Amino acid sequence: MVTPMKMHQSVLLLAVLGLVLSYSVTETKEVQESADLVFLIDGSRNLGRGEFQFIRSFIANFIEDLNIGPDAIQVGMVQYSKTPSTVFYLNTYTTKTEVLKAVKNIRQKGGNEANTGMALQFLVDNHFIPSAGSRADEEVPQVMVLLTSRQSSDDVRRGVFSIKKRGTFTFVLGITDTDAAEAKLIATDPSFSMFIPDLHQMASTQQQLMSLFSLVATKQLIIKVEEPKVEVQIPKRDIVFLIDGSSSLGHANFLKICKFISSITENFVIGPDSVQVAVAQYSDAATTEFHLNTHTTQSALQTALKNLRLRGGWTLNTGAALDYIYRSHFATAAGSRKEDGVPQFVVLITGAKSNDDVKQPADILKRSAIMAFALGDRNADLAELNEIAIDPSLVFNIAEFDSLPDIHQQVLTQLSTLAGVTVVYEQPTASVKKEMDKRDIVFLIDGSYNTGRRNFADIRDFIATIITAFDIGNDRVQVGLAQYSDAANSEFFLNTYSSKNELLSHVRELRQRGGRTRKTGEALNYVLKYLFTKYSGSRHEEGVPQFLVLITSGKLTNGVRQPSDALLQAGVITLVIGAENMIKQLQEVSSDPSLAFGVKEFRFLPEIQHKVLLPLSTLTGMRKASEPPTAQTIKDMTDNQERDIVFLIDGSTKAGSSFRSVREFLKGLIEQLNVGLNRNRVAVVQYSKGPKVEFLLNTYSNKDDVLDAVGKLKPMGGRMLNTGAALNYIIRNVFTTAAGSRRDANVPQLLVLLISGKSSDNIKEAAGALKRAAIVAFVIGAMDADGKETHEIAYSSNLLFAVHDFQSLPDIQNELLQPLKTLIVEVIKMPSTVTEGNKRDIVFLVDGSYNVGTFFYLIRDLIINLIPNFNVAKDKDQISVVQYSEDARIEFPLNAYTNKELVLAKTRELRLKGGRRLKTGSALDFVRRNVFSRSGGGRHHLGISQILVLITSGKSLDNVKQPTEELKQAGVVPFVIGIGNVDRQELHQIAYSPSLVFQVDDYWGLSDLDLHLFSISKNVDSVPIPPTTSTDGDKRDIVFLLDGSAKIGKGFPNVRKFMMRMVDNFDAGAEKVQFAAVQFSESPRTEFYLNTHSTKKQVLATIKKLKLKRGKKINIGRALDHVIENVFISSAGSRMDNAVPQILLLLTSGKSHDDISQQAKKLRKLGIVLFAIGLRDADQSVLEPMAYTASLAFPVNSFQGLLNIQDQLQQIVKTVAVQIVETPVKDN
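Because the structure is a prediction, the values reported are computed rather than measured.

Trainee: Can you help me understand the overall build of the chain in this one?
Mentor: Across its full length, the chain holds 37 helices and 39 strands. For the chain, with 1228 residues in total, the buried portion stands at 57%. Long-range pairs, those at least 24 residues apart, make up 78% of the contacts in the chain between residues at least 6 apart in sequence. Summing over all exposed atoms, the chain offers an accessible surface of approximately 50900 Å²; the carbon and sulfur share of this is 47%.

Trainee: Looking at this structure, how should I read a negative patch on the surface?
Mentor: A cluster of acidic residues, Asp71, Asp137, Glu138 and Asp811, forms a negative patch at the surface. Of note, Asp811 is situated in the loop between strand E27 (800-803) and helix H25 (813-822).

Trainee: Please explain the sheet that holds strand E38 (residues 1168-1175) as it appears in this structure.
Mentor: What holds strands together in a sheet is hydrogen bonding between their backbones, with the strands either parallel or antiparallel. Here we have 6 strands laid out as an open sheet, ordered E36-E35-E34-E37-E38-E39, and mixed in their pairing. At either margin of the open sheet sits one strand with a lone partner, and together these are strand E36 (1084-1088) and strand E39 (1193-1196). If you compare each strand with its neighbour and ignore which way they point, the axes differ by 20° on average.

Trainee: For this particular structure, what's the right way to read the pattern of salt bridges?
Mentor: Between side chains of opposite charge, a pair can form as their charged atoms come close. For the structure shown, the criterion picks out 37 salt bridges. The closest approach of N and O atoms between Arg337 and Asp238, which form a salt bridge, is 2.6 Å. With Arg337 in the loop between helix H9 (318-328) and strand E12 (344-350) and Asp238 in strand E9 (residues 237-244), this pair connects stretches of sequence that are 99 residues apart. Under the relative-accessibility criterion, Arg337 is labelled buried at 9%.

Trainee: How should I be thinking about the pairing of strand E3 (residues 73-80) in this particular structure?
Mentor: Of all the 8 residues making up E3, 8 are buried; the element is thus mostly covered by neighbouring parts of the structure. Going residue by residue along E3, you find Ile73, Val75, Met77 and Gln79 tucked away on one face and Gln74, Gly76, Val78 and Tyr80 tucked away on the opposite face as well. The pairing of strand E2 (residues 35-42) with E3 spans 8 bridges and is classified as parallel. Note that in E3 the partner of Ala35 across the bridge is Ile73. Crossover connection from E2 via helix H1 (residues 49-64) to parallel E3: handedness right-handed. Of the pairings in the sheet, the one linking E3 to strand E4 (residues 84-88) comprises 4 bridges and is antiparallel in character. The partner of Gln79 across the bridge, within E4, is Ser85. Hairpin connection of E3 to E4: 3 residues between the antiparallel strands.

Trainee: So what exactly am I meant to see when it comes to helix H13 (residues 453-468) here?
Mentor: Because the α-helix completes a turn every 3.6 residues, residues three or four places apart line up on one side. Counted at 1.5 Å a residue, the expected span for H13 with its 16 residues is 22 Å, and the 23 Å between its end C-alpha atoms agrees. Every buried residue belonging to H13 is among Phe456, Ala457, Ile459, Arg460, Phe462, Ile463, Ala464, Thr465, Ile466 and Ile467, and all of these are buried.

Trainee: Quick question: what am I supposed to make of the packing of aromatic side chains here?
Mentor: Per the counting criterion, the structure on display carries 13 aromatic pairs. Ring geometry for Phe39 and Phe62: centres 6.2 Å apart, planes at 85°, overall edge-to-face. One end of the pair, Phe39, is in strand E2; the other, Phe62, is in helix H1, and 23 residues separate them in sequence. Since its relative accessible area comes to 0%, Phe39 is described here as buried. Residue Phe62 is classed as buried on the basis of its relative accessible area of 1%. Look at Phe373 and Phe396: their rings are 6.5 Å apart centre to centre, the planes differ by 15°, and that puts the pair in the stacked class. Taken together, the positions of Phe373 in strand E13 (residues 370-376) and Phe396 in strand E14 (residues 395-397) put the pair 23 residues apart, joining distant regions of the chain. Take Phe373 and Phe396: they sit in the same class, and that class is buried. Clustering of aromatic rings is evident, with ring pairs tying together Phe39, Phe58, Phe62 and Phe213.

Trainee: So what exactly am I meant to see when it comes to helix H34 (residues 1116-1126) here?
Mentor: Among the 11 residues that make up H34, 8 are buried, leaving the element largely enclosed by the rest of the structure. Residues of H34 that are buried include every one of Ile1116, Gly1117, Ala1119, Leu1120, Asp1121, His1122, Val1123 and Ile1124, and no others.

Trainee: Honestly, the confidence of the model for the chain in this entry has me stumped. Any pointers?
Mentor: Summary statistics for the chain give a mean pLDDT of 81 and a share of 86% for residues scoring 70 or more. Averaged pLDDT values for the elements of the chain fall to 29 in strand E1 (residues 13-17) and rise to 96 in E12. This stretch, residues 1-31, has a pLDDT under 50; its non-local contacts, to residues over four places away or in other chains, come to 119 contacts. Taken as a whole, residues 422-436 scores under 50 in pLDDT and shows 39 contacts with residues more than four places along the chain or in a different chain.

Trainee: Please clarify how the packing of H1 against helix H6 (residues 202-217) should be interpreted in this entry.
Mentor: Helix-helix packing is described using two parameters, namely the angle between the two axes and the distance between the axes. Between H1 and H6, whose axes approach to 11 Å, the crossing angle comes to 40°. By the criterion of interaxial angle, the relationship of H1 to H6 is oblique. Crossing angle aside, the handedness with which H1 passes H6 is right-handed. Each of Phe54, Phe58, Asn61 and Phe62 in H1 lies in contact with H6, whose residues at this interface are Met202, Thr205, Gln206, Leu209, Met210 and Phe213. Of the residues that constitute the contact of H1 with H6, the class distribution is 7 nonpolar, 3 polar and no charged.

Trainee: How should I be thinking about the environment of Val779 in this particular structure?
Mentor: Relative to the assigned elements, Val779 resides in strand E26 (residues 775-782). Sequence separation of Val779 and Ala802 is 23 residues, and the distance between their C-alpha atoms is 8.3 Å. For Val779, the residues in contact, after removing those within four places along its chain, are Leu753, Ile755, Thr790, Ile793, Ala794, Leu799, Leu800 and Phe801.

Trainee: Would you explain empty space enclosed by the protein in this entry?
Mentor: Where empty space is left becomes clear once a probe the size of a water molecule has been rolled over the atoms. Tallied over the entire structure, the rule returns 6 cavities of 30 Å³ or more. Size it by volume and the largest cavity reaches roughly 110 Å³. Considering the residues around the largest cavity, the lining is formed by 14 residues, among which Phe532, Ser538, His540, Thr854 and Tyr857 are closest to the centre. Taken together, the residues of the lining of the largest cavity break down into 7 nonpolar, 5 polar and 2 charged.

Trainee: What is the right way to read the side chain of Glu789 from this model?
Mentor: Checked against the element boundaries, Glu789 lands in helix H24 (residues 787-793). On the basis of relative accessibility, which here comes to 9%, the residue Glu789 falls in the buried class. Residue contacts for Glu789: discarding those within four places in its chain leaves Gly757, Lys758, Ser759, Asp761 and Ile763.

Trainee: Teacher, can you tell me more about the sheet that holds strand E16 (residues 439-446) here?
Mentor: Overall, mixed pairing links the 6 strands, which are arranged E18-E17-E16-E19-E20-E21 in an open sheet. Either end of the sheet is taken by a strand with one partner, and the two such strands are strand E18 (488-492) and strand E21 (596-599). The sheet shows a mean angle of 20° between the axes of neighbouring strands, direction not considered. As judged from the 8 bridges shared by E16 and strand E17 (residues 477-484), these two strands associate in the parallel manner. Bridged to Asp440 within E17 is Gln478. Strands in contact with H13 are E16, E17, strand E19 (546-551) and strand E20 (572-579); relative to E16, the strand with the most contacts, it is inclined by about 175°.

Trainee: Please clarify how the packing of H1 against helix H2 (residues 96-104) should be interpreted in this entry.
Mentor: The contact between H1 and H2 brings their axes to 9 Å, and the two run at 175°. With respect to their mutual orientation, H1 and H2 come out roughly antiparallel. Between H1 and H2, the residues in contact are Arg56, Ile59, Ala60, Ile63 and Glu64 and Lys96, Val99, Leu100, Val103 and Lys104, respectively.

Trainee: Sorry if this is basic, but what is going on with unusual backbone geometry here?
Mentor: Most peptide bonds take the trans configuration, and most residues that are not glycine carry a negative phi. Residues other than glycine seldom take positive phi values, yet Lys219 does so here, at roughly 60°. Judged by its relative accessible area of 18%, Lys219 is buried. With a phi close to 50°, Met783 is a non-glycine residue in the positive phi region. Tracing the sequence through the fold places Met783 in the loop between E26 and H24. Residue Met783 is classed as partly exposed on the basis of its relative accessible area of 31%.

Trainee: Is there a simple way to explain the environment of Leu753 in this structure?
Mentor: Looking at where Leu753 falls in the secondary structure, it is placed in strand E25 (residues 749-755). Residue classification places Leu753 among the buried residues on the basis of a relative accessible area of 0%. In the structure, Leu753 is positioned 40 residues away from Ile793 in sequence and 9.0 Å away in space, judged by C-alpha atoms. In this structure, Leu753 is in contact with Leu648, Tyr687, Thr723, Phe778, Val779, Ile780 and Ile793, ignoring residues within four places of it in sequence.

Conventions and cut-offs
Residues numbered from 1 in each chain as written. Predicted model: local features only at pLDDT ≥ 70, side-chain atom pairs only at ≥ 80, totals over all residues. Heavy atoms only, no water. Helix = DSSP H or I, 4+ residues; strand = E, 2+ residues; numbered from the N terminus. Buried < 20%, exposed > 50% of the residue type's maximum accessible area, 1.4 Å probe, protein only. Contact = heavy atoms within 4.5 Å. Areas by Shrake-Rupley, 256 points an atom, 1.4 Å probe, with all protein chains shown as cover. Patch = residues over 30% accessible without salt bridge, like charges linked within 9 Å, V, L, I, M, F, W, Y side chains within 5 Å. Salt bridge = Lys/Arg side-chain N within 4 Å of Asp/Glu carboxyl O. Lys, Arg positive; Asp, Glu negative; His and termini not counted. Charge placed at Lys NZ, Arg CZ, Asp CG, Glu CD. Pairing = 2+ DSSP bridges. Axes fitted to C-alpha atoms, helices over the stretch in contact; angles between N-to-C directions. Right-handed = clockwise from strand over helix to strand, strands pointing away. Expected span 1.5 Å × (residues − 1). Phe/Tyr/Trp six-rings, centres within 6.5 Å; stacked < 30°, edge-to-face > 60°. pLDDT = per-residue confidence, 0-100. Parallel < 35°, antiparallel > 145°, perpendicular 65-115°, else oblique. Left-handed = near helix turned anticlockwise from the far one by under 90°. Nonpolar A, V, L, I, M, F, W, Y, C, P; charged D, E, K, R; others polar. 1 Å grid on protein atoms, 1.4 Å probe; cavity = no way out; pocket = protein on both sides within 12 Å on 5 of 7 lines; lining within 4 Å. Points joined across faces, edges and corners; volume = space filled by probe spheres on them.

Here it is as structure tokens:
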């Protein structure tokens, strides 16, 4: 028995089970779609030289009509006798000329044996594989044509099993002594085996083969091979004859049609366990003559056929008739056994063109796996017949009805042997594969009293009809249903029923729930939160299309816009059905205006059935057009943006043949970049067994030189590909200061890897090192690149690109340029204690409220994506997860799991906690007391860093200030991720610094955070938080020392705004935080002293009135002396003697004209902490030496940038304190 097999559908598909189509298809001169075609040629001596020449010519002529190319038809060839040998692979030649030349040069192999079984296995193992050019993974049809002259010398069964198991289409062309039984066993279907008794007749065989191959290559044919049936044992089938009963047909022709049907059906065994037949007649309307289950014997059927009479009528509505028989005959009540897998057929016999549209009802029949035959005389429209028939081979066009006997045998054969179909029709131009057999559909129906019982019954029947069109099951189409009025209630979930019978039974028993009001907005929220969830059966995570069909009987309330947008953002396609006069309102809720359907009354719902079925059957997804999700660390790059870009390219012998394409690709990319020492720097490294530097980041300073160097690149060659070693090399030798890298200046470090094969060494450690070094890796994999390796190396799946070969690189150039030019990684400077020793306690505190709802899995996926970045072990990193809403729940504590696999497994099991309120403050306090504590597994007492990652979707209902401060005082560093409409100020209040706040527009944006969330630099200075000597941490003396020169100019309002925001975030007062301000240019000027104002209001009012001092030069040394001698003194309000922290915020925009070396030392001796903020042209070389520590120097490119660092400064100012070290005065 041949193992059943089924290939996936794509574009226009037809699955024929058992017997393949006859050959009356439209002749195609050139196949325009794609296939991988391998010729397997018997080269034994059983064929004479002349016969072998005929075979060679046959293949050449066949190839002449093909569209050859890497994106079209690929051809390979194997010759065999005792053993098989490759003539050429699928990817050896890319043009028709090359292929034909190779075919003409074939020489007969010779040999006395012909081991066909071995040759078939050889094809499976060596040709239908990616490295040989097979595109099976891309759903490109795989085809073998065997040309053989004798029975195989070995057993072919194993080879046949192997090749058919892969879904390969197998054709057999038998010459001279071919064994017919063996040929039929090898062929996908017996009709795929063709015998050529006379080699001079090969031309007709060529057309026969081309017709079938065209169906395969254009993906119109899918074949499921079953055990051949004995011819006299015709299996079960349901056949409906739909016949033209119009007056124009005439009684004579009508009788000929009836006689024809009688002659066909008398060959069948009629009965409920065999063949069932129904007949309907139509003209302007359709009428049932008898149903499938009406006659259970042959004699009863023949009597009924003899009694048929022409009904008459002057119009012919074939479309309406097709819709009628679909609804009235192919139903269980009418005797249809479709649910039992019995093949369903309709045979249309017509004598004229239809007055109505036939396409949509014909499409519904096809999607419902009902095989339509179309028979017509000369007055019928041939194009219309082709539209109706499931395949052109099932169209029979005769001159007159007298000729019906001529097609008797053809129709009988097809009806007797076709064993069923799986059909998916889309727009003919669609090129993207659509997996039509899987979708999740939820019906939300108006169950209010306003709908009425009769209308509710119409809705119920409509839903049942829609469901009937789909293949229901857990791995196919799932259906859920909810009713609503003033509240929504689930009738059943997506995973409640796995069979169509159970589902339809429940639908038919639906009863109206009632209710006087309709709260549609709340109902939409309800289905999103409770029906489109994994736990209710949604397969959204698996990429299965999600649909909502809303059926409403009245006006929609104003509160539907937000939930309809939420559905769209969640990837749910919403269709809306309602009153015809409310179409504009319906369109506001539907995902697209074309998905809103209006009817005059619900009894007319069948009229839109095909319109609703079309999107439900063909759409695969819809996203709202909007700005892509952004996060704080993703920045739009301008022409002035700085980046260090290293191209690491595969220079192996394997890639050598397409190295020119790589070179041109690099040139095309670099042309789009602004290259320069202060802009984009570029380096190129080749590698195979080892790396070879072509040029470094600081080798060339302009684009022309770089392009010239790239143009001279030659492949280095080599058989091995040590990608791991090459990655380690560039980390240690190219992304370094000496080689031109500006990573110490926080310039983004980007790597573009081009690779064509699997690495000979281990890449895992090197890939991890790239990420830890904050190097963003873009990976382009071609040919035999290993998918697991490329995923491991790429910084994110968004930055992973796959091409068939390097010649295809231009196809992805723009796709690569977009992230290359618009995304950077901002290295997050953390206290050194956070990264020292690679030991950390990491706690994820996750919003588990109902506000998150069905999107919880996206939060879970973010955590799962982040965990691999940590080194989880007993003495390394520990991870805990806590969910919270109004209270907190520990999912697992820090010391629960000591390896990464267990942590990942437990994380995958996370389910939404639930809860209606969000108390973030309480949750922060909870994790400090119960998770970061020693009893909870925390290791702060061992000096190990502790990190909190808070993920929240809303504003807290309680106060977060006190818990946040206590958390930070306990040494915990909080990261904060805010989703959607969150309180930004609250996020900044909780986070350790502004650079640790990440905000995304929606849950989908979480997937982008793995680009930049944890790029933690290891060797950076820690933020100075010396031990506090003050008994009152809220007291501070803060002095603003402001550059007031003319260079500041129009930027001074931003300086004022910066000052006011700083002051506003402190508790200002005589016994709390005091402020002073001094401006300077050539000379300093005090604006107000520390003790001038005793309230925040007074300080803010004074700052608001400040005017720019002006002046051409700045003397920073003189200004520092001024604040030391005149502001940080007791009489001016300084509380230095009382150990109150003394803080000086210096803002400068230029280079000082006097000496400043001594002033910095004076400030440190006095315990004054200087923050140096350099604006625009400030001398960066003196900022760090002047600041209290290097980490308190802040270069800012613009005045607007002042506001971006404000939160970070504020946090440090609030926590910093110093111990004043008295220096003994030496005697002179």
